[in-house]
Amino acid sequence: MSDDATQTRYISCVLCEAMCGLEVQMRGEEIVSMRGHEADPLSRGHICPKAFALQDLHEDEDRLREPVKRVGDEWVTIPWDEAITLVADRLAAVQNGHGRDAVAVYLGNPNVHSIGALTHGVNFVRTLRSKNTYSATSVDQLPHQLVSWLLYGHQFLIPVPDIDRTAYFLVLGGNPMASNGSIMTVPDFPGRLRELRARGGRMVVFDPRRTETAKVADEHHFVCPGTDALLLLAMLNVLFAEDLARPAAYVTGVDAVREAVADFTPEAVASVCRVPADVIRRTARDFAGAGAAAAYGRLGVSTQAFGSLCQWAIHALNALTGNLDREGGVCFPTPAIDLVGRGLLGKGHLGAWRTRVRGLPEFGGELPVAALAEEITTPGEGQVRALVTMAGNPVSSTPGGQHLAAALDELDFMVSVDFYVNETTSHADVILPPTGPLERDHYDLIFHSFAVRNTARFSKALYDRPEEARHDWEIYRDLALALADRGRKASGSKSSGSNVIGAIKALPDRVATEARFRLSPTQQVDALLRLGNVGLSVKQLANTPGGRDLGPLRGGQLPDRLQNDSRAIDLAPPIVMDDLPRAKALLAQQDSVDQLGDGERRDLLLVGRRHQRDNNSWLHNQVRLTKGRPRHQLLAHPEDLAARGIHDGEQVRVESAAGSIEVEVAASEDMMTGVVSLPHGYGHNRDGVRLGHATALPGASVNDLTDPQVVDGVGANAVMNGVPVSLTPAAQPVPTA
Ligand SMILES: Nc1nc2c(c(=O)[nH]1)N[C@H]1C(S)=C(S)[C@@H](COP(=O)(O)OP(=O)(O)OC[C@H]3O[C@@H](n4cnc5c(=O)[nH]c(N)nc54)[C@H](O)[C@@H]3O)O[C@H]1N2
Ligand SMILES: Nc1nc2c(c(=O)[nH]1)N[C@H]1C(S)=C(S)[C@@H](COP(=O)(O)OP(=O)(O)OC[C@H]3O[C@@H](n4cnc5c(=O)[nH]c(N)nc54)[C@H](O)[C@@H]3O)O[C@H]1N2
Ligand code: SF4
Ligand SMILES: [Mo]
């Protein structure tokens, strides 16, 4: 290719679950233009402003390209070999001195958007063999996985709304107009919604904020945060009371569900939910009568005190109305690489071990991250003394982030695999930066499994890996090999008695490790594609811009695809049924938020939100992405502000049981009264953070308010919605004499 010739390349955006196909014009190394790929069978030309951040990220001077080591307050660049040796030495020393569990791991969200992290990163974590494995799952979709494990026998066998054919789309606690869907890969949500409505279909939204999605819905209803479980139980109650339940033959436990929901009538829950009984009744009837209907609930009903009960009730609503596994209802995608069917992902388990301090259960091999800080700071046998973070920013994104930040400074050693010095990695001893999204091949191993249409797309890296850089999978491979060479003991805290024994043990470990890490991610994807039902290959897909269309979602796959032994769905799993007394207690506790045990009056409930031009806790250093109206503010209803003598635009103090922040308030009629909303991922102005532009952005971290001590009663997912807070004008600066 000559330097001035332009070339068209097709890639996937990895910045959210929508995995849009992009068409990129390149002149030499330069990106001339980027737009949505019109012929892409999944994303159909859709693109959002975040896509351009891929280019800005690539060119960003803040982005680390070589390892750095902390020396005092400075970061010093070091060669890769030295960095890998240093990290392996320190991790092995901690594990040999204090046991395997003394090294904790936190895996952040972007891991699911990188094949290298999934093939080699996860394998590296296995190599550590620590029970202290944490991830963003427990501040996110844990209830989805838990409920799928209970109902369908596999944590990743999750049905998604067949939005392209449904007649009635019921959304609770999700805002796909901003998020482009989650556990429902739905690029071009606005276009798909327009089509739904053009077919005469409807969308109904329950959310304490009149969101971007609520504004384009046929109906929007406010619901008091944290009470959706009651609302949903009441809808189930109506199905039984009005004889609308028509579950498939393979659904069992229906009578137990009928009994369990008997007390939750619409009238009984209405005042707690702040949803009129007739709205609840009508919604249940409309849903059951729609022909093909899909109920869906996302972050607002997952990361709250009843997250698991909410997700269970949503599945029950779909199953009882015959909409599970039905076209136009919710369906199980049939991806070209079926990780579930091939047995490549664990089915799930709950409580196989527990956190040391609070006794919270693991799920699927991971402990809830709400417990991480106390596992670091509480002395004793099994204390966490070193931490590996992989593509994550838990100081910003997990409850009680400020406490975690303080805890990180108590560690003996911390290493982060990340390309930014942010709120979390600024506490590390070493940062290992992988290549960026434009420098690596991509096939979506995860989100094809949750997409509203079956497709398969592979894209070659837009840029070659620079000489000085390493891919994430190379970093994990090298770390695993270096650790194998160091021959860690199985467990225990005494030092090794014999170097010879240690060396002998290390040999097979090294051989086994080499075998596991030998194939590149792309080679592994190729092998999996060839094994799959469709018979594809990387080469074929790389030559097919936009990839292969494998057609719309299919119904009628049950009970064959169930992964449990019974080949039936027990709709009343004891783990969920046992949580119903807690829901009953909420029903009784009408005045729950006003008066707390500690005598403080926290009479507002805090919820979160996302914006199209924000991406979790990162990319705020991208000037192009962050432009537009400021959106860091706490949103509150004007009546709630007036009642407190607070004016629009003022600085306010927000206080919860866990902490307090100061932030600007914005009056908004879109808020339900009694509820305030703050986006997460803000508040970059912390010590040590080097995010250029981002550190000057206004805003505070909502997770300085969320309380790590409060978790979902089933599965211990974090509670980041429905947090009781108080609101007062920020303290006026005291005038100095
Ligand atoms: N209060 C509140 N808290 C929340 C949420 C909320 O709604 N409200 N949302 C929760 C949810 S859903 C999620 S998923 C989490 C996200 O929380 P996390 O996963 O902990 O954090 P992210 O903000 O996604 O940060 C990603 C980090 O990965 C780095 N990174 C990006 N790409 C790569 C890569 O390819 N390789 C490597 N090695 N690093 C990379 C970035 O620089 C950044 O440091 O936050 C959760 N926290
Ligand atoms: N642009 C952009 N897109 C993203 C992301 C991003 O940061 N930016 N992040 C990605 C990630 S990691 C995820 S997990 C997804 C999340 O995707 P979504 O879940 O669609 O996104 P949120 O905006 O967090 O929506 C949560 C909604 O729940 C509402 N809510 C809060 N509490 C309650 C409650 O108790 N009950 C009810 N019914 N509603 C409640 C909030 O008001 C909010 O509207 O988005 C993904 N897409
Ligand atoms: S919606 Fe935006 S961020 Fe998400 S994949 Fe598409 S272009 Fe990327
Ligand atoms: Mo997420």
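Scroll up to find the structure.
Let me sum up the structure you'll find in this document. (Residues numbered from 1 in each chain as written. Chains lettered and ligands numbered in written order. Predicted model: local features only at pLDDT ≥ 70, side-chain atom pairs only at ≥ 80, totals over all residues. Heavy atoms only, no water.)

1. A closer look at the overall build of the protein chain
Alright, step 1. Counting its secondary structure elements, the protein chain contains 24 helices and 30 strands.
Alright, step 2. Its C-alpha radius of gyration of 25 Å places the protein chain within 12% of the 27 Å reference for a compact globule of 737 residues.
Alright, step 3. Among the 737 residues that make up the protein chain, the fraction classed as buried is 61%.
Alright, step 4. Taking the contacts inside the protein chain whose residues are at least 6 apart along the sequence as the reference set, 74% of them involve residues at least 24 apart.
Alright, step 5. With an accessible surface of roughly 27,200 Å², the protein chain has 50% of that area assigned to carbon and sulfur atoms.
Alright, step 6. Averaged over its 73 positive side-chain charges, the protein chain has a centre that lies 5 Å from the centre of its 90 negative ones. (Helix = DSSP H or I, 4+ residues; strand = E, 2+ residues; numbered from the N terminus. Rg over C-alpha atoms; globule rule 2.2 N^0.38 Å. Buried < 20%, exposed > 50% of the residue type's maximum accessible area, 1.4 Å probe, protein only. Contact = heavy atoms within 4.5 Å. Areas by Shrake-Rupley, 256 points an atom, 1.4 Å probe, with all protein chains shown as cover. Lys, Arg positive; Asp, Glu negative; His and termini not counted. Charge placed at Lys NZ, Arg CZ, Asp CG, Glu CD.)

2. With respect to the side chain of S677
Alright, step 1. Within the secondary structure, S677 is located in strand β29 (residues 675–679).
Alright, step 2. Look at S677 and you get buried, because its relative accessible area is 0%.
Alright, step 3. Residue contacts for S677: discarding those within four places in its chain leaves R209, V607, G608, R609, Q633, L634, L635 and M671.

3. As for the site of ligand 2
Alright, step 1. Around ligand 2 there are 32 residues in total, and S179, D207, D228, D614 and N616 lie nearest to it.
Alright, step 2. In the environment of ligand 2, a nitrogen atom lies 3.2 Å from a nitrogen or oxygen atom belonging to the backbone of Q612.
Alright, step 3. Contributing elements (two or more residues each) for the shell around ligand 2: α5 (176–179), α12 (299–302) and β25 (604–609).
Alright, step 4. Per-class residue counts for the shell around ligand 2 are 9 nonpolar, 16 polar and 7 charged. (Near = heavy atom within 4 Å. Polar contact = N/O pair within 3.5 Å; in protein donor to acceptor, adjacent residues only side chain to side chain. Nonpolar A, V, L, I, M, F, W, Y, C, P; charged D, E, K, R; others polar.)

4. Comments concerning the site of ligand 3
Alright, step 1. Around ligand 3 sit C13, L15, C16, A18, M19, C20, H46, C48, K50, A51 and N180, and those are all the residues in its vicinity.
Alright, step 2. When the residues that make up the shell around ligand 3 are grouped by side-chain class, the tally is 8 nonpolar, 2 polar and 1 charged.

5. Some remarks on the sheet that holds strand β1 (residues 6–12)
Alright, step 1. Pairing in this open sheet of 3 strands is antiparallel, and the strands run β1-β2-β3 from one edge to the other. The sheet is open, and its two borders are formed by β1 and β3 (30–36), each paired with just one other strand. With strand direction ignored, the average angle separating the axes of adjacent strands in the sheet is 25°.
Alright, step 2. The pairing of β1 with strand β2 (residues 21–27) spans 7 bridges and is antiparallel. Directly across from T6, in β2, lies its bridge partner R27.
Alright, step 3. Packing against the sheet, helix α1 (residues 51–59) makes contact with β2 and β3, and its axis sits at approximately 160° to β3. (Pairing = 2+ DSSP bridges. Axes fitted to C-alpha atoms, helices over the stretch in contact; angles between N-to-C directions.)

6. Section: the pairing of strand β28 (residues 660–667)
Alright, step 1. Relative to β28, strand β26 (residues 634–636) is paired through 3 bridges, and the arrangement is parallel. Paired with A636 across the strands is A667, a residue of β28.
Alright, step 2. With 5 bridges joining them, strand β27 (residues 651–655) and β28 adopt antiparallel strand pairing. Bridge pairing in β28 links R653 to E662.
Alright, step 3. Following β27, the chain reverses through 4 residues before pairing antiparallel with β28.

7. Side note on the sheet that holds strand β6 (residues 103–107)
Alright, step 1. Read across the sheet, 7 strands follow the order β5-β4-β19-β18-β17-β6-β7 without closing on themselves; strand pairing throughout is mixed. Two strands lie at the open edges of the sheet, namely β5 (74–77) and β7 (133–135), each paired on one side alone. Along the sheet, successive strands turn relative to each other by an average axial angle of 20°, direction set aside.
Alright, step 2. In terms of strand pairing, β6 meets β7 through 3 bridges, oriented parallel. Directly across from Y106, in β7, lies its bridge partner Y134.
Alright, step 3. Packing against the sheet, helix α3 (residues 115–128) makes contact with β6, β7 and β17 (386–390), and its axis sits at approximately 165° to β17.

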